Structure formats: structure tokens, C-alpha cells
Amino acid sequence: EPYIGVVFYSLLLYFSPESHGVGGGRVSLYVSLLTLVAWLIKGIGEKKLNIKWTTSLVIIAIIFLWMLIVTQTAHVSIEESWNGSVRFFKVFMICFLMMAMINSQKRLEILLAVNIFGITYFSLNGFYSFLTGGDVKGIYADNNSLAHLLSMFFPFAVVMLFFPNKWIRFWG
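Residues numbered from 1 in each chain as written. Predicted model: local features only at pLDDT ≥ 70, side-chain atom pairs only at ≥ 80, totals over all residues. Heavy atoms only, no water.

Caption draft 1: Representation of the overall build of the protein chain in the model. Scanning the protein chain for helices and strands turns up six helices and zero strands. Reading the protein chain from its N terminus to its C terminus gives the helix and strand order α-α-α-α-α-α. Within the protein chain, the fraction of its 172 residues that count as buried is 31%. Of the contacts made within the protein chain by residues no fewer than 6 positions apart, 64% connect residues no fewer than 24 positions apart. (Helix = DSSP H or I, 4+ residues; strand = E, 2+ residues; numbered from the N terminus. Buried < 20%, exposed > 50% of the residue type's maximum accessible area, 1.4 Å probe, protein only. Contact = heavy atoms within 4.5 Å.)

Shown next as C-alpha cells:
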């Protein structure tokens with residue numbers, strides 16, 4: 001199933017080989033591209049791609065197109081503009097794939113479990129590094145980023161864990 005690629009990408013956010021000293025290059029980029037290709041192959045084979053063009057997805061697509069235009073007409077530095085745009089496009093692609101593939105309660109719970117595991121690991125790693133004077137590496141390496149992540153994710157995780165029989169309405 002291609003949605004496993006989205007779950008694996010989510011896991012790579014916390015355990016990326018690049019940030020833990022293991023050579024790996026752009027593993028998360030390759031995983032997201034392979035997930036996109038697998039989703040397209042499966043969708044074309046089954047003759048359905050499970051895309052619901054909601055208002056939020058249309059707005060993200062318009063922003064995506066606007067970023068392409070702005071990147072091409074950058075007055076300061078087209079190279080720097082492309083670097084920022086590539087980061088945005090990677091996030092856009094994974095958000096798009098999540099909206100298309102995480103479309104059931106079971107898949108959402110699997111993604112939630114992986115995120116809870118990763119955030120717990122990252123929080124404990126940060127606490128250990130604080131006590132020993134070490135350095136935290138990764139996408140949420142500073143205190144503000146970790147606090148921002150926890151404040152956004154924690155309420156959602158609490159509702160999903162403590163009220164599992166309630167239907168969570170998918171927004172999007």
C-alpha cells in the first residue's frame with residue numbers, strides 16, 4: 001500500500017539519517033518521490049486516484065502555482081528563491097499525498113501512533129541532551145520548534161487516544 005510511504009516519511013522526520021550522523025543524503029526526498037510514484041501507479045492501475053478537490057486543496061494548489069511564478073521572477077536571487085521553493089514543494093507534495101492516502105480511521109491511527117512514538121523519542125532525547133549538555137539534532141532541534149510541535153500535536157493525540165470510539169471529522 002502506498003500510504004505506508006507517508007507513514008515512513010513521517011517516521012523519517014524524527015529519525016532522519018542525515019541528522020544522526022549516518023550518511024544518507026536525501027532519504028526523505030527519495031521516500032516522498034517513491035510514495036508519489038507508487039500512489040500514481042496504483043491509482044492509474046485501479047483507475048482512481050482518491051483525490052477530493054476540497055477548498056483547502058485548491059488553495060494549496062493556487063499557492064503552489066503562485067510560488068512557481070514568484071520563483072521565476074525573483075529580483076534578488078533566483079538560486080535562493082529556488083532553494084526556498086524546493087523546500088516548500090517537498091512539504092506540499094507530502095501534504096497532498098497525506099490528504100489523498102490517509103482516508104480512513106485505521107490509517108489515521110497508524111500515522112498517529114508513529115507520530116506519538118517519534119515525538120516521544122524526540123522529547124526524551126531532548127531532555128537527556130539538556131541534562132548531559134549534549135546537542136539535539138534533527139528537524140525540531142531547538143526548544144521553540146519542539147514546543148510548537150507539542151502544542152499542535154498533543155491535543156489531537158489526546159482526543160484520538162482517550163476517545164477512540166468517537167468519530168473524528170476529517171477536515172480538508
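So that's the structure; there's more coming.
Caption draft 2: Molecular detail of the packing of helix 2 (residues 27–46) against helix 4 (residues 78–101). Relative to each other, helix 2 and helix 4 sit at 40°, their axes nearing to 10 Å. One element, helix 2, and the other, helix 4, form an angle in the oblique class. In the packing of helix 2 onto helix 4, the handedness of the crossing is left-handed. In contact with Leu-29, Ser-32, Leu-33, Thr-35, Leu-36 and Trp-39 of helix 2, helix 4 contributes Lys-90, Met-93, Ile-94, Phe-96, Leu-97, Ala-100 and Met-101. (Axes fitted to C-alpha atoms, helices over the stretch in contact; angles between N-to-C directions. Parallel < 35°, antiparallel > 145°, perpendicular 65-115°, else oblique. Left-handed = near helix turned anticlockwise from the far one by under 90°.)

Caption draft 3: Representation of a nonpolar patch on the surface within the structure. On the surface, a cluster of nonpolar side chains totalling about 420 Å² of accessible area is made up of Val-159, Leu-161, Phe-162 and Phe-163. Along the chain, Val-159 turns up in helix 6 (residues 143–162). (Patch = residues over 30% accessible without salt bridge, like charges linked within 9 Å, V, L, I, M, F, W, Y side chains within 5 Å. Areas by Shrake-Rupley, 256 points an atom, 1.4 Å probe, with all protein chains shown as cover. Salt bridge = Lys/Arg side-chain N within 4 Å of Asp/Glu carboxyl O.)

Caption draft 4: Quick look at the nonpolar core. One finds Trp-39, Leu-97, Met-101 and Ile-102 to be the most contacted residues of the largest nonpolar core, which totals 27 residues. Looking at this core, the elements with two or more residues in it are helix 1 (3–14), helix 2, helix 4, helix 5 (105–132) and helix 6. (Core = buried A, V, L, I, M, F, W, Y, C linked by side-chain atoms within 4.5 Å.)

Caption draft 5: View of the side chain of Asn-115. On the secondary structure map, Asn-115 appears in helix 5. Every residue in contact with Asn-115, bar those within four places of it in the chain, is listed here: Ser-10, Tyr-14 and Phe-153.

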